[in-house]
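Coordinate analysis (summary)
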Amino acid sequence: MAVLGAICFGLVIGWITYRTLRRGEGAVGLSDLAAVLAAVGGGVATALAGEPDVFGAYAVGLAVGFFGCLVVATLMPGSKWLDG
C-alpha cells in the first residue's frame, strides 16, 4: 500500500505542477501554490504518523479523488479543464 500510495502521490503532485507551469492564461496564483502545498502538507502529516499504510491510503485517496474530478470535468460539455 505504501508503494502504491507513493506512486499516486507523485502522479498528483506532478500533474498539479505541470498544469501550473503550463497554464497559458495569467500568472501563477496563490491558489495554485496552495493546492500543491496542501497536498504535500497532507502527505507529510500522514507520513509523520509512522505507519506507511496511512500515507499509502491518503495518497491513493488523493489520486482517486483528483483524477475522478478530472474525468468528470472532461466529460462535461464545454469543459475547459484541459485547455491551456
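Just above sits the structure.
So, here is what we can say about the structure in this document. (Residues numbered from 1 in each chain as written. Predicted model: local features only at pLDDT ≥ 70, side-chain atom pairs only at ≥ 80, totals over all residues. Heavy atoms only, no water.)

**With respect to the packing of helix H2 (residues 30-47) against helix H3 (residues 52-75)**
With their axes 8 Å apart at the nearest point, H2 and H3 run at an angle of 155° to one another. As judged from the angle between their axes, H2 and H3 are roughly antiparallel. Judged by the twist between their axes, the crossing of H2 over H3 is right-handed. Only Val54, Phe55, Tyr58 and Leu62 of H3 make contact with H2, whose side of the interface consists of Ala38, Ala39, Gly42, Gly43, Thr46 and Ala47. (Axes fitted to C-alpha atoms, helices over the stretch in contact; angles between N-to-C directions. Helix = DSSP H or I, 4+ residues; strand = E, 2+ residues; numbered from the N terminus. Parallel < 35°, antiparallel > 145°, perpendicular 65-115°, else oblique. Left-handed = near helix turned anticlockwise from the far one by under 90°. Contact = heavy atoms within 4.5 Å.)

**Overview of the nonpolar core**
By size, the foremost hydrophobic cluster in this structure holds 7 residues: Cys8, Val12, Ile16, Val36, Val60, Ala63 and Phe66. Within the residue set of this core, elements represented by two or more residues are helix H1 (2-22) and H3. Discounting residues that sit within four places of it in the chain, Val12 has contacts with Leu62, Ala63, Phe66 and Phe67. In this structure, Phe9, Ala39, Phe55 and Ala59 belong to the second largest nonpolar core, which totals 5 residues. (Core = buried A, V, L, I, M, F, W, Y, C linked by side-chain atoms within 4.5 Å. Buried < 20%, exposed > 50% of the residue type's maximum accessible area, 1.4 Å probe, protein only.)

**With respect to a nonpolar patch on the surface**
Side chains of Val3, Ile7 and Leu11 sit close together on the surface and give an oily, nonpolar patch of about 310 Å² of accessible area. Structurally, Leu11 can be placed in helix H1. Look at Leu11 and you get partly exposed, because its relative accessible area is 49%. (Patch = residues over 30% accessible without salt bridge, like charges linked within 9 Å, V, L, I, M, F, W, Y side chains within 5 Å. Areas by Shrake-Rupley, 256 points an atom, 1.4 Å probe, with all protein chains shown as cover. Salt bridge = Lys/Arg side-chain N within 4 Å of Asp/Glu carboxyl O.)

Treat this as a map of the structure, not an account of what it does.
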